[in-house]
Every structure is written in C-alpha cells, then in structure tokens.
Amino acid sequence: MHYAEITGWGKCVPPARISNQDIATVVDTSDEWISSRTGIKARHVSHVSTAELATVAAQRALDCAGIDAKDLDLVLVATCTPSTVVANTASEVQQRLGATGAAACDSNAACSGFLYALQMATAQIQAGMIKRAVVIAAERMSWYINWARRDSAVLFGDGAGAVVLEATEQALGLLASKSGCDSSDRSILHIENFGSNINKYEAIGGSELHFVGPEIFKRAVKGMSGACDDVLNQAQLSLDDIDVLVPHQANLRIIQAIQQRLKVEDDKVMVNIDEYGNTSAATIAIALCEAVERGMIKPGANIMSAAFGAGLTWAASYIKWGQRVTPVRQSSAELPPCPQTGLELIADAVAACQK
Ligand code: ACO
C-alpha cells in the first residue's frame with residue numbers, strides 16, 4: 001500500500017496589509033463590528049497575480065521538502081480566483097517553478113478547494129500513478145470585492161499555501177477523508193457576472209461575491225462538525241486522539257462553534273483569521289504551514305481539518321504527520337517588493353466601485 005506523506009510546506013502572504021481601521025475609511029464599518037462579529041483584525045492584498053503567489057508558496061514547500069521542481073509529477077492548484085482560465089493557472093506555476101516533468105491542473109471547490117485537491121493528489125499517489133506532487137491553494141479574493149459593500153469588503157484577503165506530497169510505504173499523510181456538496185443551497189454563495197452563463201455582448205458590470213451570511217454560518221458549523229465526526233469514525237479515532245484542529249478560517253465564531261460541538265480545547269485549534277481574513281481555499285494551506293511554524297504540529301501529530309464553501313462544498317480530512325517538523329533547506333523564494341500600502345493598492349478599485 002502506498003501513502004502520500006506531507007514532506008514540505010510553505011506559504012506566501014503578500015506584504016500589503018489593510019487593518020480594520022484602514023477599511024473603515026473605505027466602507028461604513030468599525031474595528032469593533034468586524035472584530036466582534038468575525039475575529040478579523042486585518043487582511044492582506046496582493047500586488048501580484050494568483051500564479052505568482054502560488055509559485056512562491058510552492059517553491060518554499062519544495063525547499064522545505066528538499067526536492068527539486070524537476071522531480072514533481074503533478075502541480076495541482078486549488079483556486080476560485082485563477083490568473084487565467086485558458087491556459088490554466090497551474091501551467092504558469094509549472095513554468096515558473098521549472099517543473100517540466102509535471103502534469104498541471106487547476107481545481108475549484110471554493111473554500112473547500114485545498115482539502116479536495118489534497119484528496120485528489122493523495123489518491124493518485126496511493127494508486128501508484130505518481131510519486132510526487134505539489135498541492136497549492138492560492139487566492140486573490142480582493143479581485144472579487146465590491147469595495148462599496150461593507151458586508152463583503154471586510155471579510156476576505158489574498159494569499160497562498162502549499163504542501164509537497166511524496167509516496168511512502170509508511171501510514172502517513174491523508175489517512176481518512178470525506179467530502180461532499182449540498183447543491184440545493186448553491187445560490188446562497190456565488191459570484192455574479194462571471195462564466196459562460198453571462199451574455200458577454202451586454203454591459204455586465206463587475207464580477208462580485210454575493211452571500212447570505214447567517215445561512216452560511218449555520219450550514220458551515222453543521223457541515224464541518226458532521227464531516228469531522230464521519231472522518232473520526234472512518235479512522236476509528238476519538239477526538240482525544242486529535243492533537244491539532246485546522247479549520248477553514250471564515251469567521252472566528254464559526255470556528256468556536258465547531259470547537260464547542262466537538263469539545264476541543266483552545267490550545268489544539270489553529271486560528272489565524274485575525275491577521276489574514278478569509279483567503280478561501282488558501283486558509284487551511286496557510287494555517288497548516290503556520291501550525292508547524294508555531295510548534296503546534298509535533299512529530300507524528302494527528303491533525304483534523306475541515307472546510308466549507310461555495311457549492312455548497314464541504315470536506316474533512318485526518319492527516320498523520322511524519323517525523324520532520326523543520327525544513328530540509330531554507331528557501332530564498334520571495335515576491336517582488338511592493339512599494340504601495342494596502343489602501344494605495346485598492347485605491348483605483350475603490351474609486352470605480354464608489355462611482
Ligand atoms: N460593518 C458594520 N455593519 C455591518 C457590516 C460591516 N462590515 N456588515 C453587515 N453589517 C450590518 C448589517 O447591515 C446588519 O445591519 P441591520 O441589522 O441594520 O440590517 C447587521 O450588521 C447584521 O448583519 P448580519 O449579516 O445579520 O450579521 P452577522 O452577525 O450574521 O455577520 C457575517 C455577518 C460576518 C457575514 C456572518 O454571517 C458570517 O460570518 N457568515 C458566514 C461566513 C460567510 O458568509 N462568508 C462568506 C464566504 S463563505 C465561506 O467562507 C464558507
């Protein structure tokens with residue numbers, strides 16, 4: 001039996017930051033409202049493309065694993081904000097990495113995208129089809145934001161995270177998982193004015209995100225905690241066996257509600273929504289990387305992760321970590337410098353939305 005161990009991890013968060021105080025100069029909101037309703041204090045906005053964010057996260061994960069891009073069999077990019085649709089974003093990442101021997105594919109399950117992609121790449125390794133993959137979740141959610149609408153302007157951020165998977169005979173990596181989609185509610189979270197359903201010969205306006213927050217909130221809590229229960233049953237584990245919970249970061253109150261339902265102690269739950277907001281598919285990839293950096297993930301750790309997003313897709317995964325929690329080599333991969341502040345970066349978009 002083959003397994004797919006996570007041997008490398010990396011993240012790339014763009015440097016330009018927009019605090020709650022900053023965003024209160026753009027829409028009618030306050031730090032008090034955003035902090036108390038969501039747990040978010042800041043978000044980062046990107047000066048580069050989704051593909052560039054993805055490439056730096058992937059290169060850092062490759063350096064962490066100590067392998068060369070040429071040894072990869074698969075570059076899989078989970079995103080709902082692709083830089084380009086044809087050619088796909090993964091092909092640009094493959095080119096930038098120099099992963100000339102790898103297949104390159106995008107996948108989209110919105111906020112559940114990283115766990116879906118992790119499941120797909122793991123299955124290919126377990127089937128013996130490939131030996132090494134990099135699974136990347138990269139998003140530029142700021143591109144979808146209508147900066148005149150306070151409900152969505154405060155919630156989202158940009159960023160990327162990646163893991164390298166390598167075939168092993170040891171029972172490591174993704175060992176149990178469950179994913180699904182409740183399509184009866186797909187309309188409560190969607191992007192308007194995007195895709196081949198629209199008439200491209202009519203003036204269509206901006207592509208922007210629409211959602212029914214309180215409905216998503218309830219379904220996210222129920223969906224993610226139910227999926228975690230299913231995965232624990234599948235793995236024949238109890239919650240006491242879980243060392244770290246890495247949930248999708250959409251709202252701190254959603255995370256706390258799941259934590260309460262599952263009865264998980266505070267120090268086992270990875271939270272970084274305060275600094276990054278909701279980066280859609282990238283939240284779990286970034287959080288997993290930071291959980292290792294913070295020392296929460298120890299050698300041999302049992303990790304539970306759960307996600308929920310547009311579709312309405314959901315997924316949960318049980319991951320068994322290997323022995324190494326430090327990088328094989330330090331990475332020198334960096335984004336180009338960003339001379340602008342976060343507010344300067346979004347100024348043109350804000351002006352267009354306020355017209
Ligand atoms: N600042 C100030 N007031 C605001 C803001 C804001 N940024 N946004 C909304 N409000 C107001 C509303 O206008 C409303 O005012 P009213 O009572 O006078 O009409 C009031 O706050 C309450 O609005 P609700 O939408 O009921 O607020 P709620 O407490 O539900 O919080 C939120 C909204 C944060 C979106 C919450 O519902 C949520 O987190 N939902 C789930 C996450 C989500 O939808 N994410 C989208 C991506 S999906 C995903 O990642 C899974």
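Residues numbered from 1 in each chain as written. Predicted model: local features only at pLDDT ≥ 70, side-chain atom pairs only at ≥ 80, totals over all residues. Heavy atoms only, no water.

Caption draft 1: Main features of the site of the ligand. Looking at the ligand, there are 24 residues lining it, with Thr29, Arg37, Arg150, Asn251 and Asn278 nearest. His248 places a polar side-chain atom, nitrogen or oxygen, 3.0 Å from an oxygen atom of the ligand. Arg253 is positioned such that a nitrogen or oxygen atom in its side chain is 3.4 Å from an oxygen atom of the ligand. Burial of the ligand by the protein amounts to 72% of the accessible area it has alone, namely 1000 Å². (Near = heavy atom within 4 Å. Polar contact = N/O pair within 3.5 Å; in protein donor to acceptor, adjacent residues only side chain to side chain. Areas by Shrake-Rupley, 256 points an atom, 1.4 Å probe, with all protein chains shown as cover.)

Caption draft 2: Highlighting the nonpolar core. Counting 49 residues, the largest nonpolar core has Ile23, Trp147, Phe156, Phe211, Met224, Met304 and Phe308 as its most contacted members. Elements that contribute at least two residues to this core include exactly strand S10 (208–211), helix H7 (213–235), helix H8 (252–262), strand S12 (302–309), strand S13 (313–320) and helix H11 (342–354). The dominant element in this core, judged by the number of residues it contributes, is H7, at eight residues. The residues touching Phe211, leaving out its near neighbours within four places in the chain, are Asp151, Ser152, Leu155, Phe156, Ile188, Leu189 and Ile216. Core analysis: the second largest hydrophobic core is formed by 45 residues, Leu118, Ile125, Ala291 and Ala315 among them. (Core = buried A, V, L, I, M, F, W, Y, C linked by side-chain atoms within 4.5 Å. Buried < 20%, exposed > 50% of the residue type's maximum accessible area, 1.4 Å probe, protein only. Helix = DSSP H or I, 4+ residues; strand = E, 2+ residues; numbered from the N terminus. Contact = heavy atoms within 4.5 Å.)

Caption draft 3: Region of interest: helix H10 (residues 282–293). If you check H10, its first and last C-alpha atoms are 17 Å apart, about what twelve residues at 1.5 Å a residue would give, namely 16 Å. Every buried residue of H10 is accounted for by Ala282, Thr283, Ile284, Ala285, Ile286, Ala287, Leu288, Cys289, Glu290, Ala291 and Val292. At the exit of H10 stands Gly295, carrying a positive phi of roughly 80°. (Expected span 1.5 Å × (residues − 1).)

Caption draft 4: Region of the structure containing helix H3 (residues 50–65). Taking 1.5 Å per residue, 16 residues should reach 22 Å; H3 reaches 23 Å between its end C-alpha atoms and fits that length. With 13 of its 16 residues buried, H3 lies for the most part within the structure.

Caption draft 5: Representation of the pattern of salt bridges within the structure. For the coordinates displayed, the defined rule picks out 16 salt bridges. Between Arg132 and Glu166 there is a salt bridge, with the nearest N and O atoms lying 2.8 Å from each other. With Arg132 in strand S6 (residues 132–140) and Glu166 in strand S7 (residues 158–168), the pair connects residues that are 34 residues apart, well separated along the chain. Measuring nitrogen to oxygen at the nearest pair gives 2.5 Å for the salt bridge that ties Glu215 to Arg219. Taken together, the residues Glu215 and Arg219, both in helix H7 and four residues apart, mark about one turn of the helix. (Salt bridge = Lys/Arg side-chain N within 4 Å of Asp/Glu carboxyl O.)

Caption draft 6: Quick peek at the pairing of strand S11 (residues 244–247). Along S11, one buried face is formed by Val244 and Val246 and the opposite face, lined by Leu245 and Pro247, is buried too. Pairing between S11 and S12: four bridges, direction parallel. Paired with Val246 across the two strands is Ser305, which belongs to S12. (Pairing = 2+ DSSP bridges.)

Caption draft 7: The environment of Cys228, seen in detail. If you trace the backbone, Cys228 turns up in helix H7. Judged by relative accessible area, Cys228 falls into the buried class, the value being 1%. Sequence-wise, Cys228 and Ile255 are 27 residues apart; in three dimensions their C-alpha atoms are separated by 13 Å. Beyond its immediate stretch of four places on either side in the chain, Cys228 contacts Leu262, Met304, Ala306 and Ala316.

Caption draft 8: Structural detail: the packing of H3 against helix H4 (residues 89–97). Where H3 contacts H4, the axes come no closer than 9 Å and their chain directions differ by 50°. Relative to H4, the element H3 is oriented oblique. The crossing of H3 and H4 is right-handed. Contacts between H3 and H4 involve Ala51, Glu52, Ala54, Thr55, Ala58, Gln59 and Leu62 from the first element and Thr89, Glu92, Val93, Arg96 and Leu97 from the second. The residue makeup of the contact of H3 with H4, split by class, is six nonpolar, three polar and three charged. (Axes fitted to C-alpha atoms, helices over the stretch in contact; angles between N-to-C directions. Parallel < 35°, antiparallel > 145°, perpendicular 65-115°, else oblique. Left-handed = near helix turned anticlockwise from the far one by under 90°. Nonpolar A, V, L, I, M, F, W, Y, C, P; charged D, E, K, R; others polar.)

Caption draft 9: How the structure looks around unusual backbone geometry. Following Val86, the chain continues into Ala87 via a peptide bond in cis, with omega recorded as -5°. With respect to the helices, strands and loops of the structure, Ala87 is situated in the loop between strand S4 (74–78) and H4. Backbone geometry at Asn193 places phi at a positive 65°, although glycine is not the residue there. Within the secondary structure, Asn193 sits in the loop between strand S9 (189–192) and S10. The phi dihedral of Lys263 falls on the positive side, at around 60°, and the residue is not glycine. Secondary-structure assignment places Lys263 in the loop between H8 and helix H9 (273–276). Classification of Lys263 as exposed rests on a relative accessible area of 69%.

Caption draft 10: A look at the packing of H7 against H8. It is at 9 Å that the axes of H7 and H8 come closest, and there the two elements cross at 40°. Overall, the two elements H7 and H8 adopt an arrangement that is oblique. In this structure, H7 crosses over H8, and the sense of that crossing is right-handed. Facing Phe217, Ala220, Val221, Lys222, Met224, Ser225, Cys228 and Asp229 of H7, the residues of H8 in contact are Arg253, Ile254, Ala257, Ile258, Arg261 and Leu262. Tallied by class, the residues present in the contact of H7 with H8 amount to nine nonpolar, one polar and four charged.

Everything listed is a geometric property; what it means functionally is a separate question.
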